[in-house]
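# Structural overview
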Amino acid sequence: MTYQLHYWPTIQGRGEFVRLALEEAGAAYVDVARGDEADGGGEQALMADMPEHDRPPFAPPYLVDGDLVIGQTANILLHLGLRHALAPRDEGGRLWVNQLQLTIADLVAETHDVHHPVGMGLYYEDQKQEAARRAEEFRTRRMKKYLGWFETVLARAQPKAGNGGGWLTGETLTYADLSLFQVVEGLRYAFPRAMARLEPGLGRVIAVRDAVAQRPNIAAYLASDRRIPFSTEGIFRHYPELDPE
Ligand SMILES: N[C@@H](CCC(=O)N[C@@H](CS)C(=O)NCC(=O)O)C(=O)O
């Protein structure tokens, strides 16, 4: 079965959390909107497809798996986690990994709102003053609170896991570890100075980032042209004025 991933074709965005899980799993998938318009790809297809489903997703990313059309990044990952052994099978473990992912979703939304604090329909250039205020709080409080929480989660998981541990749930990699990798990469791109200040206190989080980058399937993906570069079109955007000394 080949999955269809529907997401904006030119940015990593929220679709990247799904791409990383599909790549780690070695799953067969088509990144539909990145295909040629003549073959049903392109942004037009992404928009046009949505209303046709009985259970229409509100916004990309969404995943088509046979008869299932699944929206919401964390929901897609919940599905892929079970299918590809990227999540625990027991209920408590599944809920915990979903909780980790939903917290990442909150962080992603706040990261987006730094450059769009007033409205999604406005350009960044039209909300720069508000963005500067929002960025100050994000850099000095929110990044630290979120990443510090993941550091604590890792500190509590590792003693139980023994020597093989190091992942958010202990011994076994889950999709939440892949997403934590993406968060570190994104924040390093968007806020390099703020991250350089925080990283000395985030040894475990950075170790997860490094371990994910070394997974063979992920390393191959990152080196491929399937990995879209960060840019000021995506969620993690680098505007130097939002990340001062
Ligand atoms: N909570 C959703 C958010 C989805 C979302 O905001 N998607 C963006 C792209 S990253 C979009 O295209 N939104 C269009 C809109 O909200 O109108 C998720 O995590 O998947």
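Everything numeric here is computed off the predicted structure, so don't read it as measured data.

### Describing the pattern of salt bridges
For the structure on display, the rule yields 15 salt bridges. Between Glu245 and Arg193 there is a salt bridge, and its shortest N-O distance comes to 3.3 Å. Taken together, the positions of Glu245 in the segment after α9 (216–222) and Arg193 in helix α7 (residues 192–198) put the pair 52 residues apart, joining distant regions of the chain. For Arg193, a relative accessible area of 35% translates into the label partly exposed. Ionic pairing is found between Arg209 and Asp210, a salt bridge with its closest N-O pair at 2.9 Å. The class for Arg209 is buried, based on a relative accessible area of 15%. Judged by relative accessible area, Asp210 falls into the partly exposed class, the value being 30%. Each of Glu16, Arg19, Asp31, Arg34 and Arg227 takes part in salt bridges that share partners, so that together they form one network.

### Some details on the sheet that holds strand β4 (residues 68–71)
What the four strands build is an open sheet, ordered β2-β1-β3-β4; its pairing is mixed. Edge strands, defined here as strands with exactly one partner in the open sheet, are β2 (29–31) and β4. Going across the sheet, the axis of each strand differs from the next one's by a mean of 20°, ignoring polarity. Contacting β1 (3–6), β2 and β3 (62–65), helix α1 (residues 15–25) runs over the sheet at an angle of about 160° to β1. Strands β1, β3 and β4 of the sheet are contacted by helix α3 (residues 73–83), whose axis makes an angle of about 130° with β4.

### Section: the site of the ligand
The full set of residues close to the ligand is Tyr7, Trp8, Arg14, Phe58, Ala59, Pro60, Pro61, Gln72 and Thr73. Between the ligand and the protein, one listed contact pairs an oxygen atom with a side-chain N or O atom of Trp8 at 2.8 Å. Contact between the ligand and Thr73: an oxygen atom at 2.8 Å from a side-chain N or O atom of the residue. For the ligand, whose accessible area on its own is 500 Å², the fraction buried by protein is 71%. Structurally, the ligand is housed in the largest pocket.

### Comments concerning the domain arrangement of the chain
You can read the domains of the chain as domain 1 (3–83) and domain 2 (91–242). If you average the C-alpha positions of domain 1 and of domain 2, the two centres end up 21 Å apart. Interface of domain 1 and domain 2: buried area, both sides summed, is about 2,200 Å²; carbon and sulfur atoms make up 63% of it. For the domain 1 face of the interface with domain 2, the top three residues by lost area are Gln12, Phe17 and Glu24, together amounting to 31%. Counting the contacts that link domain 1 with domain 2 gives three salt bridges. Residue Glu24 pairs with Arg215 through a salt bridge whose shortest N-O separation is 2.7 Å. In this assembly, domain 1 and domain 2 are joined by 10 residue pairs in polar contact (both at pLDDT 80 or more).

How each quantity is defined
- Residues numbered from 1 in each chain as written.
- Predicted model: local features only at pLDDT ≥ 70, side-chain atom pairs only at ≥ 80, totals over all residues.
- Heavy atoms only, no water.
- Salt bridge = Lys/Arg side-chain N within 4 Å of Asp/Glu carboxyl O.
- Helix = DSSP H or I, 4+ residues; strand = E, 2+ residues; numbered from the N terminus.
- Buried < 20%, exposed > 50% of the residue type's maximum accessible area, 1.4 Å probe, protein only.
- Pairing = 2+ DSSP bridges.
- Axes fitted to C-alpha atoms, helices over the stretch in contact; angles between N-to-C directions.
- Contact = heavy atoms within 4.5 Å.
- Near = heavy atom within 4 Å.
- Polar contact = N/O pair within 3.5 Å; in protein donor to acceptor, adjacent residues only side chain to side chain.
- Areas by Shrake-Rupley, 256 points an atom, 1.4 Å probe, with all protein chains shown as cover.
- 1 Å grid on protein atoms, 1.4 Å probe; cavity = no way out; pocket = protein on both sides within 12 Å on 5 of 7 lines; lining within 4 Å.
- Sits in = over half its atoms within 2 Å of the grid points.
- Domains from an automatic or database assignment.
- Buried area = accessible area lost by both parts, 1.4 Å probe.

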